[in-house]
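# Working through the structure, step by step
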Amino acid sequence: MMASDEELKKTRIVEARSRNISHNVRCTECGSQSIEDSQADVAILLRKLIRDEVRAGKTDKEIYKKLEEDFGESVLYVPRFDLQTAALWLSPFLVAGTAAGAWAYRRYRQKTNVHIMALNLVRGVPLTPTEKETMLDLLKPPPSPGRR
């Protein structure tokens, strides 16, 4: 009875590891499903391959590496971080940083332009219509909360 309990436990572990790996592998035929959720022939074959590899004692890392070598990096839902994928991983931060930098520069330039316009007024240099409009907008007091 002990031997069958051990075998049953081992089978459950193999099954759990296989399913875990299968959830992280994209079906090459469907593309939008994991091989665990897909019923495509290739998904069924890949699930069997993974199960066989787990039974053979391979680590999860070795199995992922073999799948990546055989089917390409796109088969994995979580691609590894390396020099080739760094731009993809970092692009949201680069875009946000660029946008923040552009916003800060425009704010700085706007303030600088106001100072230059004020100096020009003191010196007697006439303002352009756009500069006049900007100055009037800046000098207009904000509406008081009590008035309507």
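Below, the structure is looked at part by part. (Residues numbered from 1 in each chain as written. Predicted model: local features only at pLDDT ≥ 70, side-chain atom pairs only at ≥ 80, totals over all residues. Heavy atoms only, no water.)

## Some details on the overall build of the chain
Our working definition: Helix and strand labels come from DSSP, where a helix needs a run of H or I of at least four residues and a strand needs a run of E of at least two; each type is numbered from the N terminus. Only C-alpha atoms enter the radius of gyration, while the globule expectation follows 2.2 Å times N to the 0.38, with N the number of residues. By the convention used here, residues are in contact when the closest approach between their heavy atoms is within 4.5 Å. Only the protein chains shown count as covering a residue, and every accessible area follows the Shrake-Rupley method with a 1.4 Å probe. We score Asp and Glu as negative and Lys and Arg as positive, and we do not count His or the chain ends. By convention, the charge on Lys lies at NZ, on Arg at CZ, on Asp at CG and on Glu at CD.
Along its length, the chain carries 5 helices and 0 strands. Reading the chain from its N end, one meets helices and strands in the order α-α-α-α-α. The C-alpha radius of gyration of the chain comes to 32 Å, more than 25% above the 15 Å expected for a compact globule of 148 residues. Summarising its shape, the C-alpha atoms of the chain cover approximately 100 × 40 × 30 Å along the three principal directions. Taking contacts inside the chain between residues at least 6 apart in sequence as the whole, the part at least 24 apart equals 42%. Carbon and sulfur atoms make up 61% of the accessible area of the chain, which amounts to about 11,700 Å² in all. Counting 24 positive and 20 negative side-chain charges, the chain places the centres of these two groups 13 Å from one another.

## A short note on the packing of helix H2 (residues 41-55) against helix H3 (residues 60-71)
Quick note on the threshold: Between the N-to-C directions of two axes lies an angle of 0 to 180 degrees, each axis being a line fitted to C-alpha atoms and, for a helix, fitted only over the stretch in contact. Angle categories: roughly parallel below 35 degrees, roughly antiparallel above 145, roughly perpendicular from 65 to 115, and oblique for all the rest. Here is the rule for handedness: rotate from the far helix to the near one, and if that takes an anticlockwise turn smaller than a right angle the crossing is left-handed, while a clockwise turn gives right-handed.
Running from amino to carboxyl end, H2 crosses H3 at an angle of 140 degrees, the nearest separation of the two axes being 11 Å. Classed by the angle they form, the pair H2 and H3 counts as oblique. Note that H2 runs across H3; the crossing there is right-handed. The residues of H3 that touch H2, namely those facing Leu46, Leu49, Ile50, Glu53 and Val54, are Ile63, Lys66, Leu67 and Phe71.

## Details of the nonpolar core
Just so we agree on the cut-off: We define a nonpolar core as any set of buried Ala, Val, Leu, Ile, Met, Phe, Trp, Tyr and Cys residues linked to one another through side-chain atoms lying within 4.5 Å. Three exposure classes are used, based on accessible area relative to the maximum for each residue type with a 1.4 Å probe and protein chains only: buried under 20%, partly exposed in between, and exposed over 50%.
By size, the foremost hydrophobic cluster in this structure holds 15 residues, and its most contacted members are Val25, Ile35, Ile50 and Leu67. Of all the secondary structure elements, the ones that give two or more residues to this core are helix H1 (2-23), H2 and H3. Among the elements that make up this core, the one with the highest residue count is H2 (5 residues).

## With respect to the pattern of salt bridges
Quick note on the threshold: One speaks of a salt bridge when a side-chain nitrogen belonging to Lys or Arg is within 4 Å of a carboxyl oxygen belonging to Asp or Glu.
Scanning the model with the defined rule gives 8 salt bridges in all. Asp70 is the salt-bridge partner of Lys66, the closest N and O atoms lying 3.2 Å from each other. Within this pair, Lys66 and its partner Asp70 are both found in helix H3, separated by 4 residues, close to a single helical turn. Looking at Asp70, the relative accessible area reads 44%, which means it is partly exposed. A network of salt bridges, in which partner residues are shared, links Glu15, Arg19, Glu36 and Arg51.

## With respect to the state of the cysteines
Applied cut-off: Disulfide: a pair of cysteine sulfur atoms within 2.5 Å of each other.
This structure, assessed with the given rule, holds 0 disulfides. Summary of cysteine pairing: Cys27 is not part of a disulfide, and the nearest cysteine sulfur, belonging to Cys30, is at 3.4 Å. Looking at Cys30, the relative accessible area reads 35%, which means it is partly exposed.

## Structural notes on a nonpolar patch on the surface
Let me state the cut-off plainly: Distance thresholds for patches are 9 Å for like charges and 5 Å for nonpolar side chains (Val, Leu, Ile, Met, Phe, Trp, Tyr), applied to residues having over 30% relative accessible area and no salt bridge.
A cluster of nonpolar side chains, namely Val78, Phe81, Trp89, Leu90, Phe93 and Leu94, defines an oily patch on the protein surface of about 690 Å² accessible area. With a relative accessible area of 61%, Val78 lands in the exposed category.

## Side note on the side chain of Glu36
The cut-off we apply is this: Within 3.5 Å is the distance limit for a polar contact, defined as a pair of N or O atoms, with the added protein rule that one can donate a hydrogen and the other accept it, and that residues adjacent in sequence qualify only through two side-chain atoms.
By the secondary structure assignment, Glu36 is in the loop between H1 and H2. There is a polar contact of 3.3 Å between the side chain of Glu36 and the side chain of Arg19.

## Here we look at the environment of Ser18
Considering the arrangement of structural elements, one finds Ser18 in helix H1. Ser18 gets classed as buried once you look at its relative accessible area, which sits at 0%. Separated by 29 residues in the primary sequence, Ser18 and Arg47 place their C-alpha atoms 7.3 Å from one another. Excluding residues within four positions of it along the chain, Ser18 makes contact with Ile50, Arg51 and Val54. Within the structure, the side chain of Ser18 is placed 2.7 Å from the backbone oxygen of Val14, a separation counted as a polar contact.

Without other data, these values stay purely geometric and don't point to any function.
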